[in-house]
Amino acid sequence: MEIKSLLIGNTVVVFDEEIMDKLSDSYNMFVKSNVLMIKRKDLMDNNCHSFENIIFFGITPNTLADVEYINQVCPKMVYWYDEVTNQLNPIIYSLYDGNLSVAKLPFSMMMQNIERRFLFELAKRVSHHESIFEIGRNSGGSTLALALGNQEKHNLSVLVSLDILHNPLYDYYAKKYEVIKKIKCFVQDSKTFDWKGENKNLPIGLLWIDGEHTYNGCKSDIERYKGFLSDGGMIAVHDYGSGNPEIAGIMKAVHESIVEDDNFENFCVIGSIFFAQKKGGKQILDTKNLSLEKSIPYYILEYLRHYTPVFNSKIAIYGTGFQSLDIFCMAKQYGLEKNIVAFVDDFSMQKTFYNLPIISLSETKSMNIEHILIGSKDHEESMAQKLKTSGWSEKDFTRIYTAEAFKNFIASGKNIYRFESSRWNELFIFDRNLGE
Ligand SMILES: C[S@@+](CC[C@H](N)C(=O)[O-])C[C@H]1O[C@@H](n2cnc3c(N)ncnc32)[C@H](O)[C@@H]1O
């Protein structure tokens, strides 16, 4: 994002005097540009303006005052300006997504707007004979999307919201939104929560999982509650497919406990929400606007585990792009990252990638690398040629994406559709239960 274009627009900059460096070039740039600059502590006194953009300078919006201010100003975009890297980062959970027709959902720290709108739409499709169950409420961004969506259709169905901790920001929303009073709110651990006891076996029409972001936590949440889903009931899991190695276990849990479970169908990914339905109901999403996306890291790892005995050897991944990172993330979930000792990249300016050394092709032999995984969809052939010229033989490296066996393996897997967020308006959602 070009910062100059924002500085001539209708923009306000929020800064924190305690933290900022007033002598920095970026501070001077803002001051000289004549945009309105508001101290964070004075936000509450400045809530009458209507700005298109808000830039948080050197700070992320995470206080009650920030959230309240954003909700009142309702800007098109919210950014935070990172003084260290000099970068202006759009905040993914911005309010604006090009279409304001949906009920205005309050600013949430945790979710992209398209994801909250998706939940809002799904919640509309939950009937009175079913419940909505949320695991991981935090400040209530998703809770409100679910409640407002469901309420738009009829009086709120039973909405049970669970979190192991209470976030005071939730109280802020509770004061503003009447609907929150109707939510059955629990502060409990999802690993021990007694759904049956609390809800008398009421079927779950929509199970929304955004709790503990580990493999074990996510797997336990799916396994413990999926049996309560109604026929055609929806399950949605947040933060699926993340490039962040710390939460890559969610993908593994989702595959094992949903995709590989024959009771589920209609798999798709919207934003970072994995969605599926229990068999036996009407299909919610029309897949004609979705593209097939199977070549995901999970399949790569499964493939390597099934077809290539590479994981007993000392491995390097060729490339330092996001595909290499994806492979590394999933390898970590299988406890295989200890075999991966380096990334290979002759042109990298950095020395390390995810705490592993980046080495040149010529160093692969001196480091006693035994196997190389080529982790690039587009450059596998040229990388393979380079390896061969450097003395590597075909049997000691794996071209993941282009291997015939991998393509066959992928073809035999279940369909997972992915949706492009820019095409939100084209996404047609069938009206399951909407007629009631
Ligand atoms: C990413 S936040 C949820 C964000 C929320 N859905 C939103 O949109 O704002 C994850 C939440 O899960 C909660 N959590 C973590 N482990 C949990 C557990 N075992 N049981 C219940 N909640 C848990 C955390 O306290 C945290 O508030």
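Note that the structure is predicted; figures quoted are calculated from it, not measured.

Conventions and cut-offs
Residues numbered from 1 in each chain as written. Predicted model: local features only at pLDDT ≥ 70, side-chain atom pairs only at ≥ 80, totals over all residues. Heavy atoms only, no water. Helix = DSSP H or I, 4+ residues; strand = E, 2+ residues; numbered from the N terminus. Rg over C-alpha atoms; globule rule 2.2 N^0.38 Å. Contact = heavy atoms within 4.5 Å. Areas by Shrake-Rupley, 256 points an atom, 1.4 Å probe, with all protein chains shown as cover. Lys, Arg positive; Asp, Glu negative; His and termini not counted. Charge placed at Lys NZ, Arg CZ, Asp CG, Glu CD. Pairing = 2+ DSSP bridges. Axes fitted to C-alpha atoms, helices over the stretch in contact; angles between N-to-C directions. Disulfide = S-S within 2.5 Å. Expected span 1.5 Å × (residues − 1). Buried < 20%, exposed > 50% of the residue type's maximum accessible area, 1.4 Å probe, protein only. Parallel < 35°, antiparallel > 145°, perpendicular 65-115°, else oblique. Nonpolar A, V, L, I, M, F, W, Y, C, P; charged D, E, K, R; others polar.

Scanning the protein from N- to C-terminus turns up 14 helices and 20 strands. In terms of C-alpha radius of gyration, the protein reaches 24 Å, essentially the compact-globule figure of 22 Å for 436 residues. Residue pairs in contact within the protein that sit at least 24 positions apart in sequence constitute 69% of those at least 6 positions apart. Only carbon and sulfur atoms are counted for the fraction: they give 50% of the accessible area of the protein, which is about 19500 Å². Charged side chains in the protein number 47 positive and 56 negative. The centres of these two groups are separated by 3 Å.

With that settled, consider the sheet that holds strand S2 (residues 36-39). Taking strand neighbours across the sheet as the criterion, the five strands line up as S2-S1-S3-S4-S5 in an open arrangement whose pairing is mixed. This sheet does not close on itself; its edge strands, each paired only once, are S2 and strand S5 (87-90). Taken over all neighbouring pairs, the strand axes of this sheet differ in orientation by 25 degrees on average, direction set aside. Sheet analysis places strand S3 (residues 53-57) next to strand S4 (residues 77-82), joined by five bridges and oriented parallel.

Time to look at the state of the cysteines. Formally, a disulfide is one covalent bond, and it connects the sulfur atom of one cysteine to the sulfur atom of another. In total, this model carries zero disulfides according to the counting rule given. For Cys329, which is in no disulfide, the shortest distance to another cysteine sulfur is to Cys218 and amounts to 15 Å.

All right, on to helix H11 (residues 322-333) then. Look at H11: 17 Å from first C-alpha to last across 12 residues, which is about the 16 Å you get at 1.5 Å a residue. Counting buried positions over the 12 residues of H11 gives 10, a clear majority of the element. Here H11 has its buried residues at Gln323, Ser324, Leu325, Asp326, Ile327, Phe328, Cys329, Met330, Ala331 and Gln333. Positive backbone phi, approximately 70 degrees, marks Gly335, located one or two places after H11.

Relative orientation of the contacting elements helix H9 (residues 249-259) and helix H10 (residues 297-307) amounts to 70 degrees, with a least axis distance of 10 Å. By the angle class used here, H9 and H10 are roughly perpendicular. In this structure, H9 uses Met251, Lys252, His255 and Glu256 to contact H10, whose residues at the interface are Pro297, Tyr298 and Tyr299. Of the residues contributing to the contact of H9 with H10, the split by class is four nonpolar, one polar and two charged.

In the sheet, strand S15 (residues 340-344) pairs with strand S17 (residues 356-359) via two bridges, with the strands oriented parallel. The residue of S17 that forms the bridge with Phe343 is Ile358. Bridging between strand S16 (residues 352-353) and S17 involves two bridges; their strand directions are antiparallel. By the bridge assignment for S17, Phe353 is matched with Leu356. Taking the residues between adjacent antiparallel strands as the criterion, S16 and S17 are bridged by two residues, where Tyr354 takes a positive phi near 45 degrees.

Looking now at the sheet that holds strand S12 (residues 273-278). Taken together, nine strands build an open sheet; the order of strands is S8-S7-S6-S9-S10-S12-S11-S20-S13 and the sheet is mixed. Each edge of the sheet is formed by a strand with only one pairing partner; in this case those strands are strand S8 (184-187) and strand S13 (291-292). Strand direction decides the pairing type here: strand S6 (residues 131-135) and strand S9 (residues 204-209), joined by five bridges, are parallel. The residue bridging Glu134 from the neighbouring strand is Trp208, located in S9.

In short, the description is geometric, and any link to function would need to be established separately.
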